[in-house]
Amino acid sequence: MKLYELTIQSAHTLLKQKEISSQELTRAVLDRIHAVEKDVNAYITVADDLAMAQAELADKTISEGNISQLTGIPLAIKDLMCTKGLRTTCASKILENFVPPYNATVVEKLRNKGAVIVGKTNMDEFAMGSSNEHSGMKMTHNPWDLTRIPGGSSGGSAAAVAADMCIGSLGSDTGGSVRQPASHCSVVGMKPTYGRVSRFGLVAFASSLDQIGPLTKDVTDCAILMNAISGYDSRDSTSVPEDVPDYTASLTDGLEGVTIGIPKEYYAVGGLDPDVSGSVKNAIGKIEDMGAKCVDISLPHTEYAVAAYYVIAPSEASSNLARYDGVRYGFRDKDRSDLMEMYRNTRSEGFGPEVQRRIIIGTYCLSAGYYDAYYGKASQVRTLIMEDFKKAFENCDAILSPVTPSPAFPVGENIDDPLTMYLSDIFTLSANLAGIPGISVPCGFSSKGLPIGLQIMGRHFNEEMLLKIAYNFEQATDFHKKKPVLQ
Amino acid sequence: MEFESVIGLEVHAQLKTRTKIFCNCSTAFGAPPNTHTCPVCLGMPGVLPVLNKKVVEYAIRMAIATNCTIARESRFARKNYFYPDLPKGYQISQYELPIAEFGYIDIEQNGNKKRIGITRIHIEEDAGKLTHDPNRPVSMVDFNRTGVPLIEIVSEPDIRSPEEAGAYLRHLHSVVRYLDICDGNMEEGSFRCDANVSVMLKGSETFGTRAELKNLNSFKHVEKAIYFETERQKDIVLDGGEVIQETRLWDPAKSVTTSIRTKEDAHDYRYFPDPDLLPLVVDDDWVDRVKATLPELPDARMKRFVREFSLPPYDAGVLTSSREIADYFEDCLKVFPEPKQVSNWVMGSLLGLLNAEGKSIEDSPIPAHDLGALLKLMDEDVINGRMAKTVFEKMAQTGKTPKTIIKEDGLVQVTDASAIEAIVSEVLARSPKEIEDYKNGKTRVIGFFVGQVMKATKGKANPKIVNEILKDKLSC
């Protein structure tokens, strides 16, 4: 086995036993990145020197007998999270040369545990997109089929994990941006409960929906990273002072007594690929076989979720992205004769078309005279969706569904059709609207050999349940062991 | 045609918390540009606001002092607009659910009491400051002020004249100073006022179209600008024209208002609840705790001064117009407990002196206990009233205590009757004509004799004794 193929857990064991050093491991991962990056294009910035220096420090720590589960483990960070001294672009021309003077809380937490940051991964610009085609920097390819999209917006993080270009990574999920690329790349991706993980230093797309989550090679690694990044942060008022359990502790508990809800509305969605529905049905069967009980549930307001989401998220985004005005940092257009022109040119040149589209939608939705009909109404729908889940969880412990209606599509297929792209978020964005946790775990491959993921959603702050179900399923299947073939 | 003005004021008071509203940067005024900044108040990518609890406490103080209903749950909202002094592209403020509403204050003018409604008080952050290079097409921005906490106090359109507006504003100013939540400095902009002004025919029920006046940075300018604006609007109506809704800037140099923005160019601020901040919950317990720490407010103190010190309401009003004057007065009383006499000296001599020098009472060269001591010395006949005036002036010039000045200048009053009698005899001996006049019924001449005696004693003779001896001698 190649070093870069290790999981966090297996690498940790070898580091602890001093079979390998972090420098060897990090070197192997960096070499792997340089070998396959031209095909995958997962990284915006590869921090070779910084990573090797951090690895050296990790080795010193380990030699002193201090080792955490993340000490010396090479991880990748979505380029939406601030890294002190390391360029953070949000895949946008407007922040192309932005170097933050501070670390995001999650980055600080990983660094405090001795993790090595190998680089910053590609994404849709400001996390707006489901394919990475909207990156202002480059196009990441799906390691399973380089002609296809890796998913998005955390496409770089998912592709990097799938292609062994890091041991694990962090993404962020506003409407499915961790779970959907995880599904498309056959890795594990979790969106924690809103408030579970600090958003400080995560560049905001839609503040009430954004949540950072891990992308990993298996469920155990997901639990390890969840342990590291979760918890209240006084710098984020929306983070919740709720105790953080040891997420690895309950993985091996069985599924007896667990009730699974199957939302009928999710399986009535038009355009659901038969390979996807087949794989998910098989997965549900498997989970039932392991002792879980399945019940039919209803999430009656599902059909309004996409519309509500695409009002709320762009509205918040239109305000969150107002700060990129060329005044203090980032790109400023040189061609300007007055203030308005500086704003106009800077933002027209600096932002890509999808970001501009969403700023325009959001600005419109918040405008005087339209607020009640759009933002106000969408907020009401959001409450109804929360109620749907609350009711559903009275009768079940977790909800199983597909992650996306179809496997990864070819690059360019939907680029001129934003509506189809938005509609493909149907299964994931309800969890963001309701603030509940969700996980995507590999559950099969299409007839074309493309990965398919299973989504498990749970109650607020009940990530343990999701991890337990995912772990049991993973142990009973081999999907996570399959690797994409890269030349 | 007789008109009536309809005026509502929006007052911004900078709260004197040590740190900013959403980060730990200092709020101190006057530091070199951009030295009191951090990623949070600079609006860097990914940063988040964390509310300073002290700001809420100060807002609660103001809400209690202005008889407002305090919201159990209020919300922060984003006010979106682009300007280089606004780093996030939005100002965090409160919109639909402010912290306090439905309050009032009572003002008094020429003995007439009037209640002015307070529509709402809300919390928000201040913006930065732009300066424009006069020689190059370059503007510079200083973010030190960005994120300094403000409360905005919005009045009902209950005000009917420039003078009433002034009285309302002075009262609010006095309240924030009493509460110790704002330094009230209008020149530095820590207490700012915008005015909404319209005119209507007297007795009408419908308000006219209003103009919003900006740049009113002193009490005088507020009154003058409102006066100008109401006259301008009246003229328009009288000429058969129509007042348009606009924002107008007061030009203190020319004493006119000029249009800067009409309704068509008005911003659409696209307010929505700030998702980065939780709803602000203020429970009864918190309100009670703040209430317990509240100082005595101007109205209550004025009533107490009338009741406890038997002062005329006018005196009590002047003395309680600022917390510092009232404190000064009460400190004087500790040394010399004669309220009316102290009041006369504070209102007359001291405030007169300070006004003439453009100073506030905190900068008074005469500390309260020294003024008290001076009055006590006068009461004990150590010096007379005339000497007291002289000593007072010397105290103001030198900052020395009255005792020191009296000692240095040998200003002890002459109360020795035999010494005074000798001088009186001398004066009478050289004034036969005046004695004649006096005996012929011109009793006013007594003033001449007193003056002569005082002159001879360099003002040190006890006037009471002088009078007694004079009357005694002249009657025989």
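Residues numbered from 1 in each chain as written. Chains lettered and ligands numbered in written order. Predicted model: local features only at pLDDT ≥ 70, side-chain atom pairs only at ≥ 80, totals over all residues. Heavy atoms only, no water.

A. Summary view of the sheet that holds strand 1 (residues 3–14) of chain B. Residue and element names in this part refer to chain B. Across the sheet, nine strands lie side by side as 2-6-7-10-1-11-12-13-14; this open sheet has mixed pairing. Each having just a single partner strand, strand 2 (69–70) and strand 14 (256–262) make up the two edges of the open sheet. Relative to strand 10 (residues 149–155), strand 1 runs antiparallel, the two being bridged by five bridges. The residue of strand 10 that forms the bridge with Val11 is Ile153. Of the strands in this sheet, strand 2, strand 6 (100–109), strand 7 (112–125) and strand 10 are in contact with helix 1 (residues 53–65), which crosses strand 7 at around 165°. (Pairing = 2+ DSSP bridges. Helix = DSSP H or I, 4+ residues; strand = E, 2+ residues; numbered from the N terminus. Contact = heavy atoms within 4.5 Å. Axes fitted to C-alpha atoms, helices over the stretch in contact; angles between N-to-C directions.)

B. A look at the packing of aromatic side chains. Counted by the stated rule, this structure contains 29 aromatic pairs over all chains. Consider the rings of A:Tyr309 and A:Tyr310, whose centres lie 4.9 Å apart with planes at 75°: the pair is edge-to-face. Relative to A:Tyr375, the ring of A:Tyr371 lies with its centre 5.3 Å away and its plane at 35°, an arrangement referred to as tilted. Among the aromatic residues, ring-to-ring pairing joins A:Phe98, A:Phe126, A:Tyr324, A:Tyr329 and A:Phe351 into one connected group. For A:Lys482, the ring lying beneath its charged end belongs to A:Phe445, and the centroid distance is 4.3 Å. Lying over the aromatic face of B:Trp345, B:Lys389 brings its terminal NZ or CZ to 4.5 Å of the ring centre. (Phe/Tyr/Trp six-rings, centres within 6.5 Å; stacked < 30°, edge-to-face > 60°. Lys NZ or Arg CZ within 6 Å of the ring centre and 35° of its normal.)

C. Here's a closer look at the interface of chain A and chain B. Across the contact, 38 residues belong to chain A and 29 residues belong to chain B. For the pairing of chain A and chain B, the buried interface totals around 2,700 Å² over both sides, and the portion due to carbon and sulfur atoms is 60%. The three residues of chain A that bury the most area against chain B are A:Ser237, A:Arg323 and A:Arg328, which together make up 22% of that side's buried surface. Viewed at the interface, chain B and chain A are joined by one salt bridge. Going through the elements one at a time, helix 10 (305–320), helix 11 (339–350) and helix 12 (353–366) of chain A are the ones with two or more residues in the side of chain A that touches chain B. The greatest single-element share of the side of chain A that touches chain B, amounting to five residues, is contributed by helix 10 of chain A. Considered class by class, the residues forming the side of chain A that touches chain B number 19 nonpolar, 12 polar and seven charged. (Buried area = accessible area lost by both parts, 1.4 Å probe. Salt bridge = Lys/Arg side-chain N within 4 Å of Asp/Glu carboxyl O. Nonpolar A, V, L, I, M, F, W, Y, C, P; charged D, E, K, R; others polar.)

D. Quick look at the nonpolar core. In this structure, A:Leu110, A:Val118, A:Phe126, A:Phe389 and A:Ile456 are the most contacted members of the largest nonpolar core, which totals 153 residues. Top contributing element to this core by residue count: helix 10 of chain A, with nine residues. Within the second largest apolar cluster, 101 residues are counted, among which are B:Tyr58, B:Ile64, B:Trp345 and B:Val346. (Core = buried A, V, L, I, M, F, W, Y, C linked by side-chain atoms within 4.5 Å. Buried < 20%, exposed > 50% of the residue type's maximum accessible area, 1.4 Å probe, protein only.)

E. Molecular detail of the side chain of B:Ser174. Tracing the backbone through its elements, the reader meets B:Ser174 in helix 2 (residues 162–179). Filtering out sequence-adjacent residues up to four positions away, B:Ser174 remains in contact with B:Pro298, B:Thr320 and B:Ser321.

F. Fine view of the confidence of the model for chain B. Per-residue pLDDT for chain B has a mean of 92; in total, 100% of the residues score no lower than 70. Reported confidences for the modelled complex are a pTM of 0.90 and an ipTM of 0.96. (pLDDT = per-residue confidence, 0-100.)

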